[in-house]
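What follows is the residue order along each chain.
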Amino acid sequence: MPAKKKATSAAKKQTKVGGGAKSKTAKAKAESRKKATVKKAVAKTAKSTQTTTVTKSTRTRAARQKAKRVEIEPILTAEDIETQEYSPDEFARMMEMYEGTLRDIKEGEIVTGTILGVTRDDVIVDVGFKSEGIIPISEFIPPINIQVGEKIDVFLDAIENNDGQLVLSKQKADFLRVWDNIKECHDAGKTVEGKIVRRIKGGMVVDVLGVDAFLPGSQIALRQVPDFDALIGTTLELKIIKINKNRRNIVVSRRVVLEEHREEMRDQLLQEIEPGQVRSGIIKNITDFGVFIDLGGVDGLLHITDMSWGRISHPSEVVQLGQELQVKILDFDKSNNRISLGLKQLTPYPWEKVEEKFPVESHVRGRVVSITDYGAFVELEKGIEGLIHISEMSWTQHIKHPSKILGVGNDVDAVVLSIDKENEKISLGLKQLEPDPWETLDLRYPAGTKVTGKVRNLTTFGAFVEIEDGIDGLVHISDMSWTKRIQHPSEVMKKGDQVEVSILGIDKDNRRISLGHKQVKQDPWPELELNYAVNTETMGTIARMLDRGVIVNLVGDVEGFVPTNQLGKSDLKKPADAFSEGEEIPLKVIEFDSGNRRIVLSVTSFFSGKESGDFEEFIAKHPTKTVAVSDIVEETVAVADDSEKMESDAEPAAAEGTPDDNSDQSESPAEES
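Here the structure is a predicted model, which is why all the values come from computation and not from measurement.

A closer look at the sheet that holds strand β18 (residues 384-389)
Here we have five strands rolled up into a closed barrel, ordered β16-β17-β18-β20-β19, and mixed in their pairing. Recorded for the sheet is a direction-independent mean angle of 55° between the axes of neighbouring strands. Relative to strand β20 (residues 425-429), strand β19 (residues 411-420) runs antiparallel, the two sharing five bridges. From the neighbouring strand, V415 faces β20, where its bridge partner is G429.

So, in structure tokens, the structure goes:
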């Protein structure tokens, strides 16, 4: 009888016995599918039995015959099962045998399965159901060491998915297996050990009790971790801070454990700490003014001034973040729990025997570490610095700023001038390395010596002339001409001119040299006394107008003075009302004072005793100007403006001098008589 007929007959019998509401056709189809499933299962079982039998038989015979190869006839093949026809009783027994191999499993349970195979992406597991389940290999914790035939616990998510396969999960099984322990540790606040498996976005995956847990990056340590990858494979002590059974979410923290330990250490440290102790700490933070060091639960401040006996501009020059350091407790404020630390205090005080190391007048060598407006600081050794004041840098040069001579980082030789140990100060000199040229200046330039120098600067009272490199002398305005009264040095010389001068005197103590320009020539006044004796008639050219008279240039490059009342006009109040500069007038000498080097002349005396017509002609050429009221007002305003301008120009004019002028600046030019 064919298999289809048997299946139909069996289906009919089953329909009669069951007495269900389904139609015969539907039941027949169901019975047919069931038979096909049974056949496949039996074929699979037979094939598996055949393989097992062959393997066992082969091993036995191989052991007996060793090198001989024995052919074993298959006991039962899948083809035999497919083509085999069964009687109703045989089919019923086979159905009973097949259903006996199936397990009664339900969704949401943990079952034990056998690994049938491993691929690159999946693991095939048999849990005793009609179909196998597939688990992604990513659910297994590396290193993956799975063997075929191995028994594992899996979680049955679903009996059948869209592909008709079991939906299994190893991770869920692992999670549920240890859930009670995890919840107990979470509720009791117990610590657990976890091994960091891999890095993910935002943190690390940790194996805790065989399941994956999430360790956020912010919970790994008390401070920022520079390299997360370096933690992979390490085992840490953790606390479970968050759990969610439905999502199988476990969040752990190492920071909480460290904070608890830190708090314990802090309480113990605050009881033990005392000033003077030396403690070990880790640098937690670096600022411009110092570093904060974690002493084990308590932070202390190591100020930049307590880091080194020497000069440092930033703490990063001495220490690094995360560095372990030995420091000394300088002060402990128990009320605020503030701790002051010191690093340089662990080394000897460098100023202890400074007088022995750097005696006065000894030559030393150091490095320029800082430059200010008033000098340069030189580091002689770590923690000991000396100052070269700007005044001690050169005997002769007028240094405006120390940077013109020295630069930071330069190695320089100097002489120790003085030591103030209490205030930690050493005065150094740079110019003392060479002889003082002022000590022998009077020997090289005795009084009366004529030298040629360069005009370095002009002031209202004189000119500074450089007679040798860095050494200036002052030519006072009164020493510029024998015969003329100089109003400003620019009338005689200009800045940068090479002029000949005579040494008048040298003051070594105040470092001043008096020079004379007129002294390079012979004094002409003895000869002028003969040429301009009293009653001598001459011609003079008006050079300057004064309120009380005029200055005239005479023959022989000499000046004379004509008072206003001697200009021949009795009604004249100001010379400018009748005369003008550059005009030539006739004169007679009425006074010659060789001591005061003054010649006084008169127009009136010149015409006295002469023809009246000549005098009238002179008067006619010099009529007195009439002044209108408007002119007086304008002149008054102009005088006021000139006064304001003179006051505003006074300060810049005085500023042309140098701080070390070589003469008495209070001396003013001689007034015109």
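Things to note about the sheet that holds strand β25 (residues 512-516)
The five strands lie next to each other as β21-β22-β23-β25-β24, forming a closed barrel whose pairing is mixed. Each strand axis lies, on average, 55° off the axis of its neighbour in the sheet, ignoring direction. Relative to strand β22 (residues 462-468), strand β21 (residues 450-458) runs antiparallel, the two being bridged by four bridges. Bridge pairing in β22 links L458 to A463.

Here we look at the confidence of the model for the protein chain
When pLDDT is averaged across the protein chain, the result is 77; 76% of the residues are at 70 or more. Segment residues 1-24 is flagged for pLDDT under 50; beyond a separation of four residues in sequence, or across chains, it makes 25 contacts in the model. In the predicted structure, residues 645-673 sits below a pLDDT of 50 and forms 45 contacts with residues beyond four places in sequence or in another chain.

A closer look at the nonpolar core
If you look at the biggest cluster of nonpolar residues, it comprises 24 residues, and the most contacted ones within it are V552, I585 and I599. Listed by contribution, the elements that provide at least two residues to this core are α9 (525-531), β27 (549-554), β28 (558-563), β29 (584-593), β30 (598-602) and α10 (603-607). The element best represented in this core is β29, accounting for four residues. Those residues in contact with V552 that lie beyond four places of it in its chain are G540, T541, I542, A543, V558, E559, G560, V562, I585, L587 and L601. Judged by nonpolar contacts, the second largest core, of 23 residues, contains M204, I240, I250 and V252.

Things to note about the packing of aromatic side chains
Scanning all chains against the criterion turns up eight aromatic pairs. With a centroid separation of 6.4 Å and an interplanar angle of 85°, the aromatic rings of Y374 and F377 are classed as edge-to-face. Given the relative accessible area of 41%, Y374 is considered partly exposed. Seen from their ring centres, F606 and F607 are 5.2 Å apart, and the 90° between their planes marks the pair as edge-to-face. By the ring-pair criterion, three or more aromatic residues cluster together here, those being F579, F606, F607, F615 and F618. Lying across the ring of W482, K518 places its NZ or CZ 4.6 Å from the centre. Of note, K610 hangs over the ring of F606, and the distance from its end group to the ring centre comes to 4.5 Å.

Analysis parameters
- Residues numbered from 1 in each chain as written.
- Predicted model: local features only at pLDDT ≥ 70, side-chain atom pairs only at ≥ 80, totals over all residues.
- Heavy atoms only, no water.
- Pairing = 2+ DSSP bridges.
- Helix = DSSP H or I, 4+ residues; strand = E, 2+ residues; numbered from the N terminus.
- Axes fitted to C-alpha atoms, helices over the stretch in contact; angles between N-to-C directions.
- pLDDT = per-residue confidence, 0-100.
- Contact = heavy atoms within 4.5 Å.
- Core = buried A, V, L, I, M, F, W, Y, C linked by side-chain atoms within 4.5 Å.
- Buried < 20%, exposed > 50% of the residue type's maximum accessible area, 1.4 Å probe, protein only.
- Phe/Tyr/Trp six-rings, centres within 6.5 Å; stacked < 30°, edge-to-face > 60°.
- Lys NZ or Arg CZ within 6 Å of the ring centre and 35° of its normal.

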